[in-house]
Structure formats: structure tokens, C-alpha cells
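Chain by chain, the residues:
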Amino acid sequence: MSNQKMKLAVLTSGGDSAGMNAVVRSVVKAGIMRGCETWIVREGYEGLVRGNTAPHKYHTDPPTVPSIAREAYAHAHHSNLLENLRFGDGDLLRDGTGDHPGGRTLKGRYIVRVGWDDVRGWFAQGGTLIGTARSTVFRTVEGRLKAAHNLIKEGIDAIVVCGGDGSLSGADVFRAEWPSHVATLLAQGAITPEQAEKHGHLRIAGLVGSIDNDMSMTDLTIGAVTALTRICEAVDNINSTAASHSRAFVLEVMGRHCGWLALMAGVSAGADFIFIPERPPKADPWEDEMCEEIQRHREVGKRKTIVIVAEGALDSNLQPIRADYIKDVLTERLGLDTRVTTLGHTQRGGKPCAYDRILPTLQGEEAVKALLESTPETPSYMIGVRENKITRVPLMEAVAMTREAGEAIAAKDFTKAMSLRDNEFHQSLEGFIATSILQKEPRLPKHQRMRVAIIHMGAPAGGMNAATRAAVRYCIRQGHHPIAVHNGFRGLLEDNVHELSWLGVDSWTARGGSELGTNRTLPSIDLGAVAARFQSHSFDGLMLIGGFEAFNALLILEGGRKAYPALNIPMVHLPATISNNVPMTEFSLGSDTSLNALVDACDSIKQSASASRNRVFVVETQGGKCGYIATMGALATGACLVYTPEHGISLDSLRDDVKFLKIRYGLDAKGHNEGRLVIRNESASNVYTTDVITKMLKEEGGELFDARSASLGHTLQGGIPSPMDRARAVRLSLRCMAFLEEHHHALQGQPGRVKHAPPASAAVITIQGSSIIWVPVRDMVEHADMANRRGKTVWWDEIRGLVNDLVGRSELLACGVSMPV
């Protein structure tokens, strides 16, 4: 079978989750880009069994499209994009009307062919626009036989399934049975020998849509981050009323067999106690452990108590732990005014966050590639992610491992259940314990305790305060002294220094900006005076939280060790910058918060652009000379063009961009206003500014489209940090503290009074693939473009090409169509 003839269907099954629409959009566009026909299956497996009882009437004949589009068809009959531009059902699917005044209807049609424009704008909406259902009939052999017949009738060769482990295992069973279904249908005379030969192999790929993040062999499932965002929004809102009335709140969150949501919400929102299925409280009865811990929090002056419980939480005897019972315990034993909040299906709702647009888009494209490469010998693949790398793993291996975790819990083998979760789950649980438990006595003996300085540098970024809170809580747990240096190195020189307390940083997780204050002043302003302050305050370790300035500062401090003995202490840099421009690390704190701020702003801008008239908005983003925010923001918002410093802007590229927009607007359905976005990094060009590009588009757009500009500026630094940035801040901050302890212990072991810190003791913590790697700051220099303040190589550079592909830029320009204004 040639790739050009493959017919590809996508369906969503089981529970809905934010990002499923992004999956459908991505699969459809990636399929058309690669020469496939694309279809959707309404109502999941139920729709696959029902099939089509009404005839198809597609609006593809030239008289039904705008005259300017007919010219495109005439000049570009080879274009699969134009042949599959739209089939008229996009509005029916998106609006849920089922019927259209023009006579089109979805009644009796469950397997529907869709085109490029039929899925336009879908990824910004929650839920699944094609519907989902848990089908009992598909679980029977007879139901799957009928589903096979319906697919063969429509000529469909491949399916992408987005759902949970049950949906994906059902897909694999369907594929395994497929030859027998074809043979049965042929014997019954339901299909012809030609159809049986053509459809002898069914290609299947699975994507995991689950807010519980309960699938093994992938770090994140589609919809989980958005659900976590909804939970943290609720906790942030509850915190204020809890503190006002000195109340306790018990929040029940989803998670029947997996405690990821409860755990990450506990870490990100600063909860006092959590209950998850994988790790029941160790004490029996558990009520004693919970009450003892919360009582200690109250004794130091904490006015609020937050307990988060997963709906599937169990004690060590597998007895359910219910929110209402927790409330009764807190009320009766501690005398706390306690309330219960069950978030329920609000966790599923709302538009997807940035990550739940980016991840499904990348996974959908990979799913299409996997299907095109599939053979009868290759397994069905689940498309997952490890850190930010899209992966393929055998579907049934992932399902088996997922179910093994549930079986381990049922067998009370909680150690095994934890071993089946990924490293981030383990580290997050350790992080929650380290930052929530208030020790009666420090864990380390006095001679091992440190005075740790914490400095914020550069522009503020979401997660700085969460990282500081985690470091402070860890220090106090160990017996260290966490020393806040306010206002960066200027504050240090002005002796603006004080020790932080456990309770004083309690509410910092949800605070944006920098509670310590930050600026771009480097220690080179007076390195000798900086060293003198290190000595006078007896610093034993330094934690720098910031962007490229912090990297530079660490480089300067490490270089000054020969001249200033006080600088011979372990020092670490935790990258925190919305620009994500620190070399060798794939993520910096604040970049996810910034992407979400960009997505929210662009959703509003695009709505305005569509409502006003056919309008292009040129949106300027921050990012310095690093195009991360612009590139990933373009992917998350569906922008049609993106300009970054790495690639620059030329007159030739602008000429092609204008031509592309004319073609694209000329192909729009008559009477359908469409707003489009162009995202430009602030430093993409010194000549072709946002204003110049806007005026150029306005002039060239003529009657086809108008143009406006919007500069997002410092709004991209975000308000409340995203849960991803908070959780990542805790995880990395605690690793930084362990690093300082390790190197401090090694320095103590050196003979003599004068210590000589090795180069490895001044390092940057980086995320590389699935690992956290310590890179000595000296080694970072060869990987840094110091002039442009960014890394020499970046993992996300290829995303720019995908942005262009998903709007059809290259293919439309290749048509060579002259579009009149």
C-alpha cells in the first residue's frame, strides 16, 4: 500500500481530557501533509460499531468553493492539502449542532471524512469535539466484527486511538483479531475478495488521554497537566479563605489507581498532608501520623491546613480513606474548623494549558509517522514522552506495566507499586516529604550544618519563589541556616541579608515574581567586596536562581576562587528564566508559566481578530535573542508564521509570507471570518520590526485581510506560576541542596584550614533528556553563545518547521498560484 493511498481515522475513547482535540487536529493535518485521507470516528468505539447509515455528500466540487480557491485547485491538482482542504463538517462537529441550515447533517454518520480546515482552531477547546463513549458492544467479538466491516466499507487502513489503558488494549485486541474478521466478512459475502486483499492489515497507534497520568512508560499523559492546573487554581483560591478563618480544608481529587494528581498538587500547592494509593501512611492507625504532623504546623503559627486526598487513596490494609472521614478526624481530634471540597469533573474542564496543546500536537504527528512505517510484523505502538522527547513503545507492554502497578497495590506490595512509577514520581514524593514535614530535631549533626546563601538574579520568572521555599524547608529539616540575600549582589554589598524561617516561606509556592528581589548586577561590580561579604557572613554554600546572568555570575565567582579564598565553597546555579536560554538545559523555571501567559493572551487576540474581520495580528513576545517562547508559543497557539533571532527575517522570506497569507485567505470559505497570528520575537530583526511587518501586511492584504499588532511585553513573565514550574522548582531545588551538601562534606575532608574547591563544585543543574546532569560552569562556556546569551544548539529548533507544516505554508507556496488582491 502506498502512503498516498492510506486512509487514516482518529477516535477518542473513554473519559475526555484536555488536549484530545489537539490530537485530532494534529493527526488530521499530519496525515494530509503526508498524502493520506483523514477521517474521524464520532463517539469513540460506539461510533465505530454503528458506522454510517446515511450517504456522504462532500462539498469538494469546484462550484461550491470560492472562485479564488478554484484557481488554486486548477493550478495545484497535485496538492493533497488542497484536495483535502475541507468537506463541510467542521462547523457541525465544533458546534455540536449535528445539523446545518444548508441541509448538511451528521445524523446517521459516525465515520466522517474531514479536511484541513474542518479541524481549524480545535486545539484551544477542552473535551473532545468528536465525542467519546465507553462502548460495551465493542467489547464483544460481534461488535468488533461490525466495526471491522464499517472500516473496510469506508476503505480505512489505519486508526489512531486516544484514550486510557482500556481503550488502547481494546485497540490492540482489535488489531490482533483483524485477519479473522476479514476472513469472516469475506466468507459471509459482506466484502469482496479485492477488499479482503487490500485490507489484510490494520495499522494502529495509541495516544494516552488520561487526566490521572496513570500510564506506565510515559512521563505524562494528555490532559494531566491541565487537570493539575485546575486543582492548583482551586487550592490557591481556597488558601486565602482557609487562612482568613484559620480553617482546614480537605480536597478530594481524581485518581482511582494513581496518585499523581494528588501528589503533584500537594507539591505545587504546598499542602500539609496527602493521601495516594501507592504510598499509604506508614503509621497504623494513620490518623495519628496525620494529626501529629498538622498539629506541629499549627504550633509554629500556621493558620491554614490543606489536606489533599486521591479518590482511590487506601490505608495499609486497603481500606478506603474518605475525605469526609478525614474532616471528622481533624475536627474531633484537633478541634479544627474543617471543610470538604470535592473538585470532581471540574478537573477535566476548561481549555487546555500550553503543554496539553504542544504534547498532543507532537504525539499526533509521531503517531502518523508510526502508522506509515507500520508492517504486519511491527507491534502496535503507544506514543509517549520522556522528558520532552516523543517516544514509541509497544502498546501492550505499557498497558501490562500499568496494570501491574494496580495489581501490586491490591496485593499490598506498595514497594513494587512505587517501583513501577517513574523517577519523577519518586522524587516528587521525596520532595513533598522534605518540604511539608516539620522535624522536631535537625537531621544532621552540628559539624555538618551549613550557612547557605540564596540569591535571585536576572528578570523574575515563575518558580523562583517555589524553589526558594523548597530550599529553605530542606535546610531547616537538615539543620542548615538558609540565608536570603535580597536584591541580588547589590543587596549583598549593602548587607541586605537575613535568615529565612520555615513558616515565613509557607505561601511562596503560588507567588510569582521574586520575593527576594532580583536584578542583573554581576559580582564583577566589586568581586573583592562580594568575597568579603561571603566571609563576614560565613557562607558555606551558594544557590543562584536565575537566567543567563546567574550563569555569568557563577562563572565569575568560580574564576575568583584563586584570588579570594572565601569563594572556595560549593556553588550551584538553578536556571530560572522565561527565555529558556541557559545552555545545555532543556527547561528553565518560568518558561512554562510564560508559555501559558502567551497562550491565554493569544487566544483572546485571535478571538478579536476573527470577530472584527479577516485580520492578522502580529504578536511580539519577549525572549531576548532566544526564540524558545516564540517558537513553542506559535505551536501552542496555531500561529501561521513565527520569527525568531536564530533564523532572522529577510526581504525574500517576507515576500513569501505575504504570498502565503494571500493564498491562505483566498482559500477560506466565503463568509467565514478567520483571525490569524504571526508571532515575532522582540529581537528577531532590528530592521523588520513588529510595526514594519504589521504595516506591510496591512498594505499587501488589501481586501483579503487586515493587520494589527500587539506587544505582550512583561505580561509574559506571568502572574501565578504554573504547576509545572512549581513542581519542577521543588524537584530541582532539592537536588541542588543535595549537591551543596555533598561538596561541602568533601571540602571538610580536606586537610588544613584553607580549602580548595574543585571546578566540579561550581555547577549548573541541567535537564538533558530523561536525566538531571550537573555541568561544571567552566564546561558550559564552550556550549554557550555568549554574545547572544543563548546555547549554541537547542532541541526545539526543528519545531519551527513543524509550525510551518501545520499551516500548510510550504505546500501552498509550492502551488505557484497567483492570488489577486
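Parameters at a glance
- Per chain, residues are indexed from 1 in the order of the written sequence.
- For this predicted model, a pLDDT threshold of at least 70 governs which residues receive local features, and a threshold of 80 or more governs which side-chain atom pairs are given and counted, while totals over whole chains, interfaces and linings are taken from all residues.
- The side-chain quantities take in all heavy atoms of the structure and omit both hydrogens and water.
- What counts as a helix is a DSSP run of H or I of at least four residues, what counts as a strand is a run of E of at least two, and both are numbered from the N terminus.
- Type-normalised accessible area, obtained with a 1.4 Å probe on protein chains alone, sets the label of each residue: buried when under 20%, exposed when over 50%, and partly exposed for intermediate values.
- Positive residues here are Lys and Arg, negative ones are Asp and Glu, while His and the chain termini are left out of the count.
- The working definition used for a salt bridge is a side-chain nitrogen of Lys or Arg within 4 Å of a carboxyl oxygen of Asp or Glu.
- Contacts are assigned to residue pairs that have any heavy atoms within 4.5 Å of one another.
- Inter-axis angles, ranging from 0 to 180 degrees, are taken between N-to-C directions of lines fitted to C-alpha atoms, where helices are fitted over the stretch in contact.
- Here the word oblique covers every angle except those under 35 degrees (roughly parallel), over 145 (roughly antiparallel) and from 65 to 115 (roughly perpendicular).
- We call Asp, Glu, Lys and Arg charged. Ala, Val, Leu, Ile, Met, Phe, Trp, Tyr, Cys and Pro are nonpolar, and the rest, Gly among them, are polar.
- Pairing of aromatic side chains requires ring centres within 6.5 Å, counting the rings of Phe and Tyr and the six-membered ring of Trp. Pairs whose planes differ by under 30 degrees are stacked, by over 60 edge-to-face, and all others tilted.
- A crossing counts as left-handed when the near helix is turned anticlockwise from the far one by less than a right angle, and as right-handed when that turn is clockwise.
- What is meant by a nonpolar core is a set of buried Ala, Val, Leu, Ile, Met, Phe, Trp, Tyr and Cys residues, joined one to another through side-chain atoms within 4.5 Å.
- A 1.4 Å probe that fits but cannot get out identifies a cavity on a 1 Å grid over protein atoms alone, an open set with protein on both sides within 12 Å along at least five of seven lines counts as a pocket, and a residue lines either if it has an atom within 4 Å of a point.
- Grid points are joined across faces, edges and corners, and a volume is the space filled by probe spheres set on the points.
- Here a helix's expected span is defined as the number of its residues, less one, multiplied by 1.5 Å.
- Think of it this way: DSSP has to see at least two bridges between two strands before they count as a pair.
- Note on scores: pLDDT gives the predictor's confidence for each residue, bounded by 0 and 100.

An unreviewed UniProt entry annotates the chain as Phosphofructokinase-domain-containing protein originating from Hygrophoropsis aurantiaca.

As a further point, take the side chain of Arg175. Inspection of the secondary structure puts Arg175 in helix 7 (residues 165-188). Lacking a salt bridge, the buried Arg175 has Asp172 as its closest oppositely charged neighbour, with an N-O distance of 5.2 Å. Setting aside anything within four residues of it in sequence, one finds Arg175 in contact with His201, Leu202, Ile204, Ser374, Thr375, Pro376, Thr378, Pro379 and Ser380.

Below, the discussion takes up the pattern of salt bridges. In the structure shown here, the tally under the stated rule is 50 salt bridges. Residue Arg392 is joined to Glu373 by a salt bridge in which the shortest nitrogen-to-oxygen separation is 2.8 Å. Of this pair, Arg392 sits in strand 11 (residues 389-394) while Glu373 sits in the loop between helix 13 (355-372) and strand 10 (381-386), placing them 19 residues apart in sequence. Residue Arg392 is classed as partly exposed on the basis of its relative accessible area of 28%. One network of salt bridges, with partners in common, ties together Arg86, Asp117, Arg120, Arg664, Asp668, Glu674 and Arg676.

Turning our eyes to something else, we now look at the packing of helix 6 (residues 141-154) against helix 7. It is the contact of helix 6 with helix 7, at a shortest axis distance of 9 Å, that shows an interaxial angle of 75°. Taken together, the axis directions place helix 6 and helix 7 in an arrangement best described as roughly perpendicular. Facing helix 6, whose interface residues are Val141, Arg144, Leu145, Ala147, Ala148, His149, Leu151 and Ile152, helix 7 presents Val173, Phe174, Glu177, Trp178, His181, Val182, Thr184, Leu185 and Gln188. By residue class, the composition of the contact of helix 6 with helix 7 is 11 nonpolar, 4 polar and 2 charged.

All right, on to helix 22 (residues 628-637) then. Burial of helix 22 is extensive: 10 of the 10 residues sit out of reach of the surface. Within helix 22 the residues assigned to the buried category are Tyr628, Ile629, Ala630, Thr631, Met632, Gly633, Ala634, Leu635, Ala636 and Thr637. Check the buried side of helix 22 and you find it contacts helix 13, helix 21 (591-612), strand 17 (615-621), strand 18 (641-643), strand 19 (676-681) and helix 27 (799-805). With its phi angle positive at about 75°, Gly638 sits one or two positions after the end of helix 22.

If you walk through the whole model with that rule in mind, you get 13 aromatic pairs. Between Phe174 and Trp178, the ring centres sit 5.6 Å apart and the planes meet at 90°, which makes this aromatic pair edge-to-face. Placement of both Phe174 and Trp178 in helix 7 is noted, with a separation of 4 residues, approximately one turn of the helix. Here Phe174 and Trp178 have matching classes, each one buried. A ring pair is formed by Phe275 and Trp286, whose centres lie 5.0 Å apart and whose planes are at 75°; its orientation type is edge-to-face. Separated by 11 residues along the polypeptide, Phe275 in strand 7 (residues 273-275) and Trp286 in helix 11 (residues 286-299) bring together distant segments of the chain.

Where helix 11 meets helix 12 (residues 323-334), the closest approach of the two axes is 11 Å, and the angle between their N-to-C directions is 60°. Between helix 11 and helix 12, the interaxial angle falls into the category oblique. In this structure, helix 11 meets helix 12 at a crossing whose hand is right-handed. Residues Trp286, Glu287, Asp288, Met290, Cys291, Ile294 and Gln295 of helix 11 form the contact with helix 12, whose own contacting residues are Tyr325, Ile326, Val329, Leu330, Arg333 and Leu334. Grouping the amino acids of the contact of helix 11 with helix 12 by side-chain chemistry returns 9 nonpolar, 1 polar and 3 charged.

Another point: the nonpolar core. By size, the foremost hydrophobic cluster in this structure holds 112 residues, and its most contacted members are Trp260, Leu261, Leu263, Ile308 and Leu574. Apart from the residues lying within four places of it in its own chain, the contact partners of Leu261 are Ile211, Asp212, Ala224, Ala227, Leu228, Ile231, Val253, Met254 and Gln347. Within the second largest apolar cluster, 62 residues are counted, among which are Val27, Val28, Leu106 and Ala707.

Let us now look at the layout of surface pockets. Volume-wise, the second largest pocket comes out at about 820 Å³. Around the second largest pocket, the lining is made up of 35 residues, and of these Arg134, Gly164, Asp165, Gly166 and Arg256 lie nearest the centre. Looking at the lining of the second largest pocket, the elements that each hand over two or more residues are helix 7 and helix 14 (395-410). In terms of residues, the lining of the second largest pocket owes the most to one element, helix 7, which gives 5 residues. Tallied by class, the residues present in the lining of the second largest pocket amount to 8 nonpolar, 15 polar and 12 charged.

The next subject is helix 9 (residues 224-245). For helix 9, spanning 22 residues, the distance from its first C-alpha to its last is 32 Å, which sits close to the expected 32 Å at 1.5 Å a residue. Once helix 9 ends, the next one or two residues include Ser246, with phi positive near 55°.

Before going further, it helps to examine the sheet that holds strand 8 (residues 305-310). Strand order across the open sheet formed by 4 strands is 7-8-6-9, with parallel pairing between neighbours. The open sheet terminates on both sides in strands that have one partner only, identified here as strand 7 and strand 9 (338-342). The average angle at which neighbouring strand axes cross in this sheet is 15°, direction not considered. Two elements, strand 6 (residues 248-253) and strand 8, share 6 bridges in a ladder whose sense is parallel. Looking across to strand 8, one finds that Ala248 is bridged to Thr305.

Averaged over all residues, the pLDDT of the chain equals 91, while 95% of them reach at least 70. Low pLDDT, under 50, characterises residues 60-70; the stretch is placed with 18 contacts to residues that sit more than four places away or in other chains.

Following Asp284, the chain continues into Pro285 via a peptide bond in cis, with omega recorded as 10°. Looking at where Pro285 falls in the secondary structure, it is placed in the loop between strand 7 and helix 11. Positive phi, normally seen in glycine, also occurs at Met584, with a value near 70°. As for its placement among the helices and strands, Met584 is situated in the loop between strand 16 (571-575) and helix 21.

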